[in-house]
Amino acid sequence: MWINAFLLALREIRRHLMRSFLTVLGIVIGVAAVVTMVTLGNGATVMVSERISNLGSNLLVMRPGQRLGAGSERAGSHTFTVQDAEALQEQIFGLKAVAPAVSRPITLVADNKNWSSSVVGTTNDYLITGNWTLADGRAFSTDELQSGRSVCVIGETVRRELFGAINPVGDRLRVRNFDCQIIGLLATKGQGGLGLDQDDRVLMPLLTAQRRLTGSNNVDTILMSVSDVDNTRQIIDDIEGLMRERRNLAQNVDNNFSVMDTRQIAETLSGTVRTLTGLLGAVAAVSLLVGGIGIMNIMLVSVTERTREIGVRMAIGALEREVLLQFLIEAVVLSALGGVAGIILAFAACYGVTALMGMPFLFDPMVNLLAFLFSAAIGVIFGFAPARRAARLDPIDALRHE
Amino acid sequence: MSPSPNTQPVAPKQPKQPAQPLIELRGVTKTYGEGAMAFDALKGIDLTIEAGEFVAIMGPSGSGKSTAMNLLGCLDSPTKGQYVLQGVHVEQLTRQQRALLRRHALGFVFQGFNLLSRTTAQENVELPLLYRGEPAAVRREKAKQALASVGLAGWETHTSAELSGGQQQRVAIARGIVTHPLVLLADEPTGNLDSSRSQEIMGLLTTLNQTRQITVIMVTHEPDMAAYADRVITFVDGQVIQAAEQSTLGSGGVGSVRRTPCG
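Bear in mind the structure is a predicted one, so any value in this text is a computation, not a measurement.

(A) Examining the overall build of chain A more closely. Tallying secondary structure elements over chain A gives 13 helices and 10 strands in all. Per-residue burial for chain A yields a buried fraction of 41% across its 402 residues. Expressed as a percentage of contacts within chain A between residues at least 6 apart in sequence, the contacts between residues at least 24 apart total 83%.

Printed below as a string of structure tokens:
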């Protein structure tokens, strides 16, 4: 009985390819949408948190002005000085490292190649705050820092673009209008948060950059690494208090600088991404529902159409349960086919997108299973219920059905 | 797959017992609706059909002939009375047992052919065998033979849409006889066909009746077609008014069937 019902079901599917295709299509699209959205959303959440923690552990970033983003502040207004950094280092308890930094986009030249990169003038503390390690060579010596020597440590991207396969440590690099000796190579970190290439940078002593590139004693940014994470809030308060004091800000005047906590940013951002994932998932769920309604429609119409066929089968001597089994198998085969095709399609889409965006591909079996079961349930219920109604009819009535 | 043996009325099991007719209706009543709306489609019918007969059932619309046909075909069961098919009391059977009886003892031919669409002649004819659980090789062979016996050898792979009306009805007949049923029930088999196709189909039914001893019961409203039968049973107003014997093959007597209402 099972084999026969299976045979009959497959024959019917083959015979009505268009109808079967449309039924399957609804499921395919619904399942693919849900699985893709959720998989990509999960990947994005993980990517964002990973990359932000990659920026540096427990990193505080102090910038001039109030705004978080770029824009509003004129260059040079309320900038910091090396003395600010030193004061922070000495007076704030709980800071592991304090790195004053200036940064400029500069075209670099080596041999006959050139490459535009970001040149950062800073101290060795920059390596601590940014979680950097050296792949080769060494960091700056005290003498190099204090006298502003022309030495630099370059990132992996700069090395690749300018030197190819050669180890550049010891070579010279032309930075705008002066030559720099390469003394070290940063270990690669890969793409950073928001798609920036973290390896695309050159470090040099702060004094060198100030003298040769910016032409002032200003410091754009002060990066700080917190040693005691639980006290971050208190430390930020201390920093703000110290800076207000150093700038003689009156009680009623707002800070003209800001301190950001990367951990906080990470949490905010991944929270946002999670919300977006939820939203996309909801949209996708609607498409699954619409797909489900499509299935209902096709199944209902086709079973109504097929009432006569059911009558013929029963007149010929098919039992009610044989007819039902056939329809059930048809519905299950189509729904399962659609579910599997949807998941495969989603995998292909996720694979492509994650590869393109450098996101991790997180397989969530629960979501796959749920989407699959939902579509299968719709297919089976709406394929089976009308068939049951038809099979309960008297064969005569079913035969007369128009 | 075999809850069937107990209900299977196999023909060769019973040697010729002239005492027992193949089909016997005793006081059969069929009522549709209930209470004040109740309507008697059949009002206590007695009818006997012997094995090997070719019987035509005639009568105006609403006379109960279709109801009688559905009862004879075990598609429906009587409200009152007895229906004995080769010793089996059909009125006592459940829905499922009647389905099994149809599967094993009856063949159907419908006015509208009722072939499965987009399905080849071969697969249509194989269908009853499939429900009987015959293996694929046997199905293929028997269906081929049945198609050949209705003159459709070589048309096995054509779907219904590729066949003419007459050919479709012949496929339907092949489907009806492929199981070697005791009784072939034909409900207006020529109703959708032109006259020359109708002659062909009637010739075919007659041949099957004579060479294979298949009992044929046919509903028709065309006297020309009824003339092919051994006997014409006329229904009027839920009752049998006449069971006229006629000599075989149109020699006589459509005219001899009188249509006087029973008083």
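After that view, the rundown keeps rolling.
(B) Representation of the overall build of chain B in the model. The secondary structure content of chain B amounts to 7 helices and 10 strands. In chain B, which comprises 263 residues, the proportion classed as buried is 46%.

(C) Representation of the packing of helix α9 (residues 262-305) of chain A against helix α12 (residues 365-392) of chain A within the structure. Residue and element names in this part refer to chain A. At a minimum axis separation of 9 Å, α9 and α12 run at an interaxial angle of 20°. Between α9 and α12, the angle is such that the two are roughly parallel. Pair α9 / α12 crosses with right-handed handedness. Contacts between α9 and α12 involve L288, G292, I295, M296, M299, L300, V303 and T304 from the first element and A371, F374, S375, I378, G379, F382, G383, P386, A387 and A390 from the second. Across the contact of α9 with α12, the residue classes tally to 13 nonpolar, 5 polar and no charged.

(D) Structural view of the environment of D237 of chain B. Note on placement: D237 of chain B falls in the loop between β9 (231-236) and β10 (239-245). With 195 residues separating them in the primary sequence, D237 of chain B and L42 of chain B have C-alpha atoms 7.7 Å apart.

(E) Region of interest: the interface of chain A and chain B. Facing the 18 residues of chain A at the interface are 18 residues of chain B. Put simply, the parts of the chain that give the side of chain A that touches chain B at least two residues each are α1 (2-15), α10 (307-316) and α13 (395-400) of chain A. With 6 residues, the single largest contributor to the side of chain A that touches chain B is α10 of chain A. Considering only residue class, the side of chain A that touches chain B consists of 10 nonpolar, 3 polar and 5 charged.

(F) Structural view of the sheet that holds strand β2 (residues 39-49) of chain B. Residue and element names in this part refer to chain B. One open sheet accounts for 4 strands, arranged β2-β1-β4-β5; its pairing is antiparallel. Here the strands that pair on one side only, and so sit at the sheet edges, are β2 and β5 (88-89). In the sheet, strand β1 (residues 23-32) pairs with β2 via 8 bridges, with the strands oriented antiparallel. Looking at β2, one finds that V28 is bridged to I45.

(G) Main features of the confidence of the model for chain B. All names here are of chain B. Residues of chain B with pLDDT of at least 70 account for 84%, and the chain-wide mean is 84. Segment residues 1-17: pLDDT under 50, and 14 contacts once partners within four positions in sequence are set aside and those in other chains are kept. Scored below 50 in pLDDT, residues 247-263 makes 23 contacts in the model with residues more than four places away or belonging to other chains. Predicted complex metrics record ipTM = 0.82 and pTM = 0.66.

(H) Main features of helix α6 (residues 195-212) of chain B. All names here are of chain B. For α6, built from 18 residues, the straight-helix expectation of 26 Å at 1.5 Å per residue is met to within 8% by its first-to-last C-alpha distance of 25 Å. For α6, every residue scored as buried is listed here: S198, I201, M202, L204, L205, L208 and N209. Buried residues in α6, looked at end-on, bunch into an arc of 155°, giving them a common side. For α6, exposure combined with an orientation more than 90 degrees from the buried face picks out S196 and T211. The inward-facing, buried residues of α6 abut β3 (54-58), α5 (165-177), β7 (183-187), β8 (215-219) and α7 (223-226). Two residues or fewer past α6, Q213 is found with a positive phi of approximately 60°.

(I) Here's a closer look at the packing of helix α11 (residues 320-357) of chain A against α12 of chain A. Residue and element names in this part refer to chain A. Where α11 contacts α12, the two axes come as close as 8 Å, and the packing angle between them is 155°. In terms of orientation, α11 lies roughly antiparallel with respect to α12. Note that α11 runs across α12; the crossing there is right-handed. Of the residues that constitute the contact of α11 with α12, the class distribution is 15 nonpolar, 7 polar and 3 charged.

(J) Examining unusual backbone geometry more closely. All names here are of chain B. Not every positive phi belongs to a glycine, and C74 is a case in point at roughly 60°. With respect to the helices, strands and loops of the structure, C74 is situated in the loop between α1 (65-72) and β4 (80-85). Judged by the 26 C-beta atoms lying within 10 Å of it, C74 falls in the buried class. A positive phi angle, near 55°, is found at R118, a position not held by glycine. With respect to the element layout, R118 can be found in the loop between β6 (106-109) and α3 (121-131).

What counts, and at which threshold
- Along each chain, residues carry numbers from 1 onward, in the same order as the chain's sequence is written.
- By the order in which they are written, chains take letters starting at A while ligands take numbers starting at 1.
- Thresholds applied to this predicted model are a pLDDT of at least 70 for local features of residues and 80 or more for the giving and counting of side-chain atom pairs; totals over whole chains, interfaces and linings are not thresholded and use all residues.
- For the purposes of this entry, the term helix denotes a DSSP run of H or I that reaches at least four residues, the term strand denotes a run of E that reaches at least two, and both are numbered from the N terminus.
- Any residue surrounded by 20 or more other C-beta atoms within 10 Å of its C-beta is treated as buried, while 12 or fewer makes it exposed and the intermediate range makes it partly exposed; C-beta atoms here are placed from the backbone.
- By the convention adopted here, residues are in contact when the distance between their C-beta atoms, placed from the backbone, does not exceed 7 Å.
- Every angle, taken between N-to-C directions, lies between 0 and 180 degrees, and every axis is a line fitted to C-alpha atoms, over only the stretch in contact when it is a helix.
- The labels follow the angle: roughly parallel below 35 degrees, roughly antiparallel above 145, roughly perpendicular from 65 to 115, and oblique for the rest.
- Here a crossing is taken to be left-handed if its near helix is turned anticlockwise relative to the far helix by less than a right angle, and right-handed if that turn runs clockwise.
- Asp, Glu, Lys and Arg are counted as charged, while Ala, Val, Leu, Ile, Met, Phe, Trp, Tyr, Cys and Pro are counted as nonpolar; the rest, among them Gly, fall into the polar class.
- One bridge is not enough; two strands pair if DSSP finds at least two bridges between them.
- The pLDDT value expresses, per residue, how confident the predictor is, ranging between 0 and 100.
- An expected span of 1.5 Å times one less than the residue number is assigned to each helix.
- Of all possible arcs, the one meant is that of the directions from the helix axis to the C-beta atoms.

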